[in-house]
Amino acid sequence: MEIYKLLKQVRAQKPLVHHITNWVTIYDCANIVKVFGASPVMAHAKEEVADMVNIASALVLNIGTLTSAVIESMIIAGKAANNKGIPVILDVCGAGATKYRDEKSFEILDKIRVSIIKGNSSEIARIAGKNIQTKGVDATEDANSSTDLVKTAKLLADARDLTVVITGKEDIIVDNKNCFYVKNGCDMMANVVGTGCMATSVIGTFAAVSKDLSIAAASGLCCYEIAAELAASQSKAPASFKQDLLDCIFHLNEDNITKMQKVSSERVLFYN
Amino acid sequence: MEIYKLLKQVRAQKPLVHHITNWVTIYDCANIVKVFGASPVMAHAKEEVADMVNIASALVLNIGTLTSAVIESMIIAGKAANNKGIPVILDVCGAGATKYRDEKSFEILDKIRVSIIKGNSSEIARIAGKNIQTKGVDATEDANSSTDLVKTAKLLADARDLTVVITGKEDIIVDNKNCFYVKNGCDMMANVVGTGCMATSVIGTFAAVSKDLSIAAASGLCCYEIAAELAASQSKAPASFKQDLLDCIFHLNEDNITKMQKVSSERVLFYN
Amino acid sequence: MEIYKLLKQVRAQKPLVHHITNWVTIYDCANIVKVFGASPVMAHAKEEVADMVNIASALVLNIGTLTSAVIESMIIAGKAANNKGIPVILDVCGAGATKYRDEKSFEILDKIRVSIIKGNSSEIARIAGKNIQTKGVDATEDANSSTDLVKTAKLLADARDLTVVITGKEDIIVDNKNCFYVKNGCDMMANVVGTGCMATSVIGTFAAVSKDLSIAAASGLCCYEIAAELAASQSKAPASFKQDLLDCIFHLNEDNITKMQKVSSERVLFYN
């Protein structure tokens, strides 16, 4: 898996990554795409989202501060993305916190073809049908048993025919053949709002330049989390860490990535 | 008053603090709650706010970029919070700048039981019935006579049966028995957008772990402003100051707080 | 042209700059106004925008995440600003990316008197009637031939009777008599989301204290970009650069500005 090669493609191709996202981390989602060398655009009016998709290379949807109007635009944009054949990445931010988030997540999954679904352990467990509560947008402890998570991800990947990404101490990426593990990252990420949303934007950025979506997701997360490790080695508090994380992404190079990457994969057996 | 004890409770209990807030400082409001060790969630769709309140420990409302739809959601959420018995903290951001802000502030105060109302001197004066103009979201000079402010706060506290917080060079917290003064903080705070909104989120975070709301408000503000003093001692311009403020909050300890806290209180006489 | 004199006026008068802007960079737009020493306010409810304009000294409109409701409020606010006689600054963010953005940009220009229109080379070319595509909110290469840009700006300035600002490596400011060039700035600005939107807020801040709008725009951009040069000399990655940019603005002085300013002007001939 050539992680650095994909990063180079992002920087060379500068793909346009269209987002319909939440109002909390919308700046960070745009900014991380830019810092990776690509071109973000955020647009949510139903009158224009299909046109914006038509010049974009990936569509990122994030339900963090969903409303019915925003969901309507997501579905219009998603259909345009499906027609154009670009990947759709869905962050089910806060699924499992309210009935409304669950219902709208399912509505999106039913009405458009999502390519990659991403969430923390609670969010993905809920979308996979488990009776799990999410604490707002934070994972709850009872959702965090690693073996179960792979099984849950696999069930969802099969049921919906998509790539499932569960982020956490160890990220799990499952499609219909393989499971990738990304063991990079650091604890400080959990002390900053937006690290989860930014992860999704990074996945979208890498998916914009690669046909293999699971490898794109694993590569993007690996780069992002290597930068987080580099940042954590120089800053010991959340705000300076966040700044250093962005700066380290900008300066990521082949040497960092080759030496620090902790990505592994395995064939996924079918569960029943 | 055991300020550090409350900070420890925030860090140990990690309460979920639900916000319906403005689009300018929404990230900062979430992030400061996180940096204090608690768990923020921002959700404003009328279909889900009551469900989100049901898993939260405090509700923060901030009218900074109000619309009629957002106010409707605030009232639904506020009623759910009243039913559940969790504190409702209202930042009357920009009251006194437009008639609409005044009217909507009164509508919220009439329709739900607000536990703590917070504003700068102009905003609170207007809500207390004075003919004061607010300069957008900034206090005007003529609202800043300290003796009058305590009187104004006391009148509002009595009339509405709530805790009133006026932030400024010296913060004033008044309930039906006491007046607390927090004299921590520094001038640089006024050079950064969002320090007022973050103060409200901090109050909400501390109110989530304490039954005495005035003490919660005073303790939260004291911690926040001690961190600001620490930050100001190392950074001399707004953006680096803001980063240091967040980093200093993360590392606040008993020693800082004990040595630096400038909180005093007095019984409040009735005015007429 | 006394650039520093205008900066001093901003700091002394602290004008209120009302924005109706996008959800991506709304914080940055507010914060840069504050760091320059003025007072930002963001308000978009149609019920209050006219009242807010009535206490403001300039109105900044930015269509970055436009919706029909936001455009409606922009037009109400713009008419109030026209009545009051304060400058209206329009950032046609993303014009040329979708038909909707073009149409709404023209609707604003037709319904209210815009004082200054600002965009990158693609955006302004589209508004001037060229068949140019914008890559989301980023300029496309084919829009970047400097001679043509002045001609394009001049045509638009004449057709709409306003000041046209095209930002880029070299900023071009054209009104019915003169063309100003601002050659300050640095490449790192392009690696941070929001530098374009902040430029518009800076223009609005300077336009709030000066009757000559082209000189206000050139002076504001010059100050902003001198701070960017100072920041780039000390930080080599986007996030630390952004922080340093804000800090350097706060400490800008007569000496910096006099030594570093690269503003020139020429009479503009009529093209046909």
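Fair warning: this is a prediction, and the values are worked out from it, not measured in the lab. (Residues numbered from 1 in each chain as written. Chains lettered and ligands numbered in written order. Predicted model: local features only at pLDDT ≥ 70, side-chain atom pairs only at ≥ 80, totals over all residues. Heavy atoms only, no water.)

1. A word on the overall build of chain A
Our working definition: Secondary structure is summarised from DSSP: a helix means a run of H or I of at least four residues, a strand means a run of E of at least two, and numbering begins at the N terminus for each. We compute the radius of gyration over the C-alpha atoms and compare it with the globule rule, which gives 2.2 Å times the number of residues raised to the power 0.38. Categorising residues by exposure relies on relative accessible area from a 1.4 Å probe, with only protein chains included: less than 20% of the type maximum marks a residue as buried, more than 50% marks it as exposed, and the intermediate range marks it as partly exposed. Here the open area of atoms and residues is found with the Shrake-Rupley method and a 1.4 Å probe, where only the protein chains shown may cover a residue. Note that His is not counted, nor are the chain ends; the positive residues are Lys and Arg, and the negative ones are Asp and Glu. Working definition for charges: the position is that of NZ of Lys, CZ of Arg, CG of Asp or CD of Glu.
When its secondary structure is counted, chain A shows 11 helices and 9 strands. Over its C-alpha atoms chain A spans a radius of gyration of 17 Å, differing by no more than 12% from the 19 Å that the globule rule assigns to 272 residues. The principal-axis extents of the C-alpha atoms in chain A amount to approximately 45 × 40 × 35 Å. Buried positions account for 67% of the 272 residues belonging to chain A. As displayed, chain A has an accessible area near 9400 Å², and 48% of this comes from carbon and sulfur atoms. Averaged over its 29 positive side-chain charges, chain A has a centre that lies 3 Å from the centre of its 30 negative ones.

2. Remarks on the relation of the copies chain B and chain A
Defined as follows: Only residues with pLDDT of at least 70 in both copies contribute their C-alpha atoms to the least-squares superposition of the copies. Contacts are assigned to residue pairs with any non-hydrogen atoms lying within 4.5 Å of each other.
In the superposition of chain B on chain A (RMSD 0.0 Å, axial shift 0.0 Å), the rotation amounts to 120 degrees. What we have between these two chains is a three-fold relation. No C-alpha of chain B lies nearer the rotation axis than that of W23 of chain B, which sits 3.7 Å from it. A low fraction, 7%, of the interface residues of chain B reappear at the interface in chain A, so the copies pair through non-equivalent surfaces.

3. With respect to the interface of chain A and chain C
Note the cut-off: What gets called buried area is simply the loss in accessible area from a 1.4 Å probe that two parts show on being joined, summed for both. Within this document, salt bridges are pairs made up of a side-chain nitrogen of Lys or Arg and a carboxyl oxygen of Asp or Glu, the two lying within 4 Å of each other. In the analysis that follows, any N or O atom pair within 3.5 Å is treated as a polar contact, provided that within protein one partner can donate a hydrogen and the other can accept it, and provided that, for residues neighboring in sequence, both atoms belong to side chains.
Contacts between the two partners involve 27 residues from chain A and, on the opposite side, 32 residues from chain C. Across the chain A to chain C interface the summed buried area is about 2400 Å²; carbon plus sulfur atoms make up 61%. Inspection of the chain A/chain C interface yields 2 salt bridges. R101 of chain C is paired through a salt bridge with E48 of chain A; the nearest N and O atoms lie 2.7 Å apart. At the boundary of chain A and chain C, one finds 11 residue pairs in polar contact (both at pLDDT 80 or more). Among the secondary structure elements, those contributing two or more residues to the side of chain A that touches chain C are α2 (26-35), β2 (39-42), α3 (49-53) and α10 (238-250) of chain A. Looking at the side of chain A that touches chain C element by element, the count peaks at 6 residues for α2 of chain A.

4. Overview of the packing of helix α2 (residues 26-35) of chain C against helix α8 (residues 195-207) of chain C
Packed helices, taken two at a time, are described by the angle between their axes plus the distance between the axes. Residue and element names in this part refer to chain C. Basically, it comes down to this: Every axis corresponds to a line fitted to the C-alpha atoms, with the helix fit spanning only the stretch in contact, and the corresponding angles, defined between N-to-C directions, vary from 0 to 180 degrees. Every angle not falling under 35 degrees, over 145, or within 65 to 115 is termed oblique; those three ranges are roughly parallel, roughly antiparallel and roughly perpendicular. Handedness of each helix crossing follows the sense of rotation of the near helix against the far helix: counterclockwise by less than a right angle gives left-handed, clockwise gives right-handed. Lys, Arg, Asp and Glu make up the charged group, whereas Ala, Val, Leu, Ile, Met, Phe, Trp, Tyr, Cys and Pro make up the nonpolar group; the residues left over, Gly among them, are polar.
The interhelical angle for the contact between α2 and α8, taken along N-to-C directions, is 40 degrees, at an axis separation of 9 Å. In this view, α2 runs oblique relative to α8, as classed from their interaxial angle. The handedness of the crossing between α2 and α8 comes out as right-handed. Contacts between α2 and α8 pair D28, C29, I32 and V33 from the former with C197, M198, S201, V202 and T205 from the latter. Taken together, the residues that form the contact of α2 with α8 break down as 6 nonpolar, 2 polar and 1 charged.

5. Remarks on the sheet that holds strand β7 (residues 171-174) of chain A
Residue and element names in this part refer to chain A. What counts here: By the convention used here, strands pair only if DSSP detects at least 2 bridges between them.
Strand order in the open sheet formed by 9 strands is β2-β1-β3-β4-β5-β6-β7-β8-β9, with mixed pairing between adjacent strands. Here the strands that pair on one side only, and so sit at the sheet edges, are β2 and β9 (263-267). Going from strand to strand, the sheet's axes swing by 20 degrees on average, the running direction of each strand aside. Where strand β8 (residues 178-182) and β9 come together, 5 bridges link them in antiparallel fashion. Residue pairing for β9: C179 is matched across the bridge by E266.

6. Description of the interface of chain B and chain A
Contact residues are listed per partner, giving 27 residues for chain B and 32 residues for chain A. Summing both sides of the interface, chain B and chain A together bury roughly 2400 Å²; the carbon and sulfur share of this comes to 60%. In this assembly, chain B and chain A are joined by 2 salt bridges. Applying the counting criterion to the chain B and chain A interface returns 11 residue pairs in polar contact (both at pLDDT 80 or more). Among the secondary structure elements, those contributing two or more residues to the side of chain B that touches chain A are α2 (26-35), β2 (39-42), α3 (49-53) and α10 (238-250) of chain B. Ranked by residues supplied to the side of chain B that touches chain A, first place goes to α2 of chain B with 6 residues. For the side of chain B that touches chain A, the per-class residue count stands at 15 nonpolar, 6 polar and 6 charged.

7. Observations regarding unusual backbone geometry
Residue and element names in this part refer to chain B. One non-glycine residue with positive phi stands out, namely K14, at about 45 degrees. On the secondary structure map, K14 appears in the loop between α1 (3-13) and β1 (16-20). Note on K14: relative accessible area 43%, which makes it partly exposed. A positive phi angle is found at D161, which is not glycine, with a value near 55 degrees.

8. Examining the relation of the copies chain A and chain C
Superposing the two chain copies requires a rotation about an axis and a translation along that axis. Superposing chain A onto chain C takes a rotation of 120 degrees combined with a translation of 0.0 Å along the rotation axis, leaving an RMSD of 0.0 Å. Take the interface residues of chain A: only 7% of them recur as interface residues in chain C, which is what a contact between different surfaces looks like.

9. Some details on α10 of chain A
An α-helical turn contains 3.6 residues, so a residue and the one three or four places further along point in the same direction. For clarity, the cut-off: To estimate how far a helix should reach, multiply one less than its number of residues by 1.5 Å.
Its 13 residues place the ends of α10 of chain A 19 Å apart at the C-alpha level, agreeing with the 18 Å of an ideal helix rising 1.5 Å per residue. Most of α10 of chain A sits inside the fold, with 12 of its 13 residues counted as buried. Among the residues making up α10 of chain A, those that are buried are P238, A239, S240, F241, K242, Q243, D244, L245, L246, D247, C248 and I249 of chain A. For α10 of chain A, the elements touching its buried residues are α1 (3-13), α2 and α9 (213-232) of chain A, α2 and α10 of chain B together with α10 (238-250) of chain C.

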